[in-house]
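Breakdown of the fold
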Amino acid sequence: MAANPLAGEAELFVAGKTHLVRVSMRAIPLMCAAVGVDTWPALADAAQKAIHMEAVTRALLEANGVAVTDDDLAGMDAMQWIDRILPALLRYDPTPKESGDANPQKSRAKK
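On a predicted model such as this, the values are computed, not experimentally measured, just so you know. (Residues numbered from 1 in each chain as written. Predicted model: local features only at pLDDT ≥ 70, side-chain atom pairs only at ≥ 80, totals over all residues. Heavy atoms only, no water.)

Our next topic: the environment of Thr95. With respect to the helices, strands and loops of the structure, Thr95 is situated in the loop between α5 (79–90) and α6 (104–108). According to the relative accessible area criterion, Thr95 is partly exposed, its value standing at 44%. Along the chain, Thr95 and Asp83 lie 12 residues apart, while their C-alpha atoms are 8.9 Å from each other. In terms of polar contacts, Thr95 uses its side chain to reach the side chain of Asp93, at 2.7 Å. (Helix = DSSP H or I, 4+ residues; strand = E, 2+ residues; numbered from the N terminus. Buried < 20%, exposed > 50% of the residue type's maximum accessible area, 1.4 Å probe, protein only. Polar contact = N/O pair within 3.5 Å; in protein donor to acceptor, adjacent residues only side chain to side chain.)

As structure tokens, this is what we get:
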């Protein structure tokens, strides 16, 4: 299983199993409801607050057909939130880039 955060995917390890979940048209309203917001920008903001980690995670998992208990969520490594859920939700690649030219466009310019 290889998740693509740029496509809204996250690979989560919950209760001894790995699940590929997707931020979908079904997941977004459930996550909004879980944190009491009704717009995408408000969800993106709320999702970055630690107080909402569990609610958003539960909604994302349940929207993808993964039933979880309070104990399942409590047992999850919090780094999954930072390394997997937020990148999928906000659509960015968390992979560290190689250091090199600080301005890659400059190196491609015609001389």
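That shown, we press on.
In this section: the pairing of strand β1 (residues 9–14). In this sheet, strand β2 (residues 17–22) lies alongside β1 in antiparallel orientation, the contact comprising 6 bridges. Bridging from a neighbouring strand, Leu12 pairs with His19 of β2. From the end of β1 to the start of β2, which pair antiparallel, there are 2 residues, and Ala15 there has a positive phi angle of about 50°. (Pairing = 2+ DSSP bridges.)

Further remarks concern the environment of Leu86. Counting through the fold element by element, Leu86 comes out in helix α5. Note on Leu86: relative accessible area 11%, which makes it buried. Between the alpha carbons of Leu86 and Pro5 there is a distance of 8.7 Å; along the sequence they are 81 residues apart.

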